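What follows is each chain in one-letter form.
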Amino acid sequence: DTTVKQNPRYKLARVGKPVNLICSQTMNHDTMYWYQKKPNQAPKLLLFYYDKILNREADTFEKFQSSRPNNSFCSLYIGSAGLEYSAMYLCASSRSRDWGPSQNTLYFGAGTRLSVL
Amino acid sequence: GDSVTQTEGLVTVTEGLPVMLNCTYQTAYSDVAFFWYVQYLNEAPKLLLRSSTDNKRTEHQGFHATLHKSSSSFHLQKSSVQLSDSALYYCALSEGGNYKPTFGKGTSLVVHP
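Residues numbered from 1 in each chain as written. Chains lettered and ligands numbered in written order. Predicted model: local features only at pLDDT ≥ 70, side-chain atom pairs only at ≥ 80, totals over all residues. Heavy atoms only, no water.

**Considerations on the interface of chain A and chain B**
Taken residue by residue, the interface counts 24 residues in chain A and 21 residues in chain B. Roughly 1,900 Å² is buried in total at the junction of chain A and chain B, and carbon and sulfur atoms are behind 59% of that figure. A salt bridge links B:Lys100 to A:Glu57, with the nearest nitrogen and oxygen atoms 3.1 Å apart. Of all the elements in the fold, those that place two or more residues in the side of chain A that touches chain B are β4 (31–37) and β5 (44–50) of chain A. (Contact = heavy atoms within 4.5 Å. Buried area = accessible area lost by both parts, 1.4 Å probe. Salt bridge = Lys/Arg side-chain N within 4 Å of Asp/Glu carboxyl O. Helix = DSSP H or I, 4+ residues; strand = E, 2+ residues; numbered from the N terminus.)

Structure representation (structure tokens):
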């Protein structure tokens, strides 16, 4: 099973309100990622977990938080949504520990489309 | 930092004709893997091709790509496209010791009859 699941598929949020997005994988991958995708832009890495270590990108450090209570589950938290957060959020996982043909191959979820009003 | 450039945002091709989607990159590292991901409508992106060997052709599902480090390119090609190939295609790279894959903007391929 190579499934990454994201919930919900669509999320409507109000400006200033918190948002929590959920992702799960059953492949025992050590690394989980969150990307933000806007039209005509490359997927932007927001943060990733390598095992239990959270790494957040410098330019989005204060805007996004995350938790990974176990290997399979990872969430993305926005404390106060702004209009600029409207985007597709893609969760992905990979096996990063061993170098080989499949290392760093990402397995994606279908995404959560967040609309902030 | 690393960067991946996909020059075409939209490519339109007639069914049965060949297609090439461009991908060029910049990286300071030598231990790098290159990927093409495909995303069909309302589905998750998934791996199409992967390569880390210079000048070696990699094939899958009728598509092929060859990594050319001399020109920093990893173009995706198919000799005869099908209607079902219509999708969004992402080129990406990942350094061996870095857990941060870098993506291009993506190229939307539309195949019409």
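Next comes the rest of the write-up.
**Considerations on the sheet that holds strand β7 (residues 65–70) of chain A**
Residue and element names in this part refer to chain A. The 4 strands are arranged β1-β3-β8-β7 in an open sheet whose pairing can be described as antiparallel. Each end of this open sheet is capped by a strand with a single partner; those strands are β1 (4–7) and β7. Going across the sheet, the axis of each strand differs from the next one's by a mean of 20°, ignoring polarity. As paired strands, β1 and strand β3 (residues 19–25) are joined by 4 bridges and run antiparallel to one another. (Pairing = 2+ DSSP bridges. Axes fitted to C-alpha atoms, helices over the stretch in contact; angles between N-to-C directions.)

**Brief notes about the state of the cysteines**
Residues and elements named next belong to chain A. Summed over all chains, the structure comprises 2 disulfides over all chains. The residue that forms a disulfide with Cys23 is Cys91, at a sulfur-sulfur distance of 1.9 Å. As the torsion about the S-S bond is roughly -75°, the Cys23-Cys91 disulfide counts as left-handed. Placement of Cys23 in strand β3 and of Cys91 in strand β9 (residues 87–94) is noted, with a sequence separation of 68 residues between them. (Disulfide = S-S within 2.5 Å.)

**Quick notes on the pattern of salt bridges**
Evaluation of the coordinates by the stated rule reveals 4 salt bridges over all chains. Between A:Lys44 and A:Asp59 there is a salt bridge, with its nearest N and O atoms 2.4 Å apart. Linking A:Lys44 in strand β5 with A:Asp59 in the loop between β6 (53–56) and β7, this pair joins segments that are 15 residues apart in sequence. Between B:Arg57 and B:Glu59 there is a salt bridge, with the nearest N and O atoms lying 2.8 Å from each other. Owing to a relative accessible area of 47%, B:Arg57 belongs among the partly exposed residues under this scheme. On the accessibility criterion, B:Glu59 (53% relative accessible area) is exposed. (Buried < 20%, exposed > 50% of the residue type's maximum accessible area, 1.4 Å probe, protein only.)

**Thoughts on the nonpolar core**
Residues B:Trp36, B:Leu48, B:Leu76 and B:Tyr89 are the most contacted members of the largest nonpolar core, which totals 26 residues. Counting residues in hydrophobic clusters, the runner-up holds 22 residues, among them A:Val19, A:Met27, A:Leu47 and A:Tyr85. (Core = buried A, V, L, I, M, F, W, Y, C linked by side-chain atoms within 4.5 Å.)

**Side note on the packing of aromatic side chains**
Each aromatic ring pair is described using two quantities: the centre-to-centre distance and the angle formed by the ring planes. Tallied over the full model, the rule gives 14 aromatic pairs over all chains. Between the aromatic rings of A:Tyr35 and B:Phe103, the centroid separation amounts to 5.3 Å while the plane-to-plane angle is 80°, which identifies the pairing as edge-to-face. Taken together, the positions of A:Tyr35 in strand β4 and B:Phe103 in strand β11 (residues 102–103) put the pair across two chains. B:Phe103 shares its class with A:Tyr35; the two are buried. Measuring from centroid to centroid gives 6.0 Å for B:Phe34 and B:Phe74, while their planes differ by 45°, and the two rings are tilted. One end of the pair, B:Phe34, is in strand β5 (residues 32–39); the other, B:Phe74, is in the loop between β8 (63–66) and β9 (76–78), with 40 residues separating them in the sequence. One exposure class covers both B:Phe34 and B:Phe74, and it is buried. Ring-pair connections join several aromatic residues into one group, and the members of that group are A:Tyr33, A:Tyr35, A:Phe48, A:Phe108, B:Phe35, B:Tyr37, B:Tyr90 and B:Phe103. (Phe/Tyr/Trp six-rings, centres within 6.5 Å; stacked < 30°, edge-to-face > 60°.)

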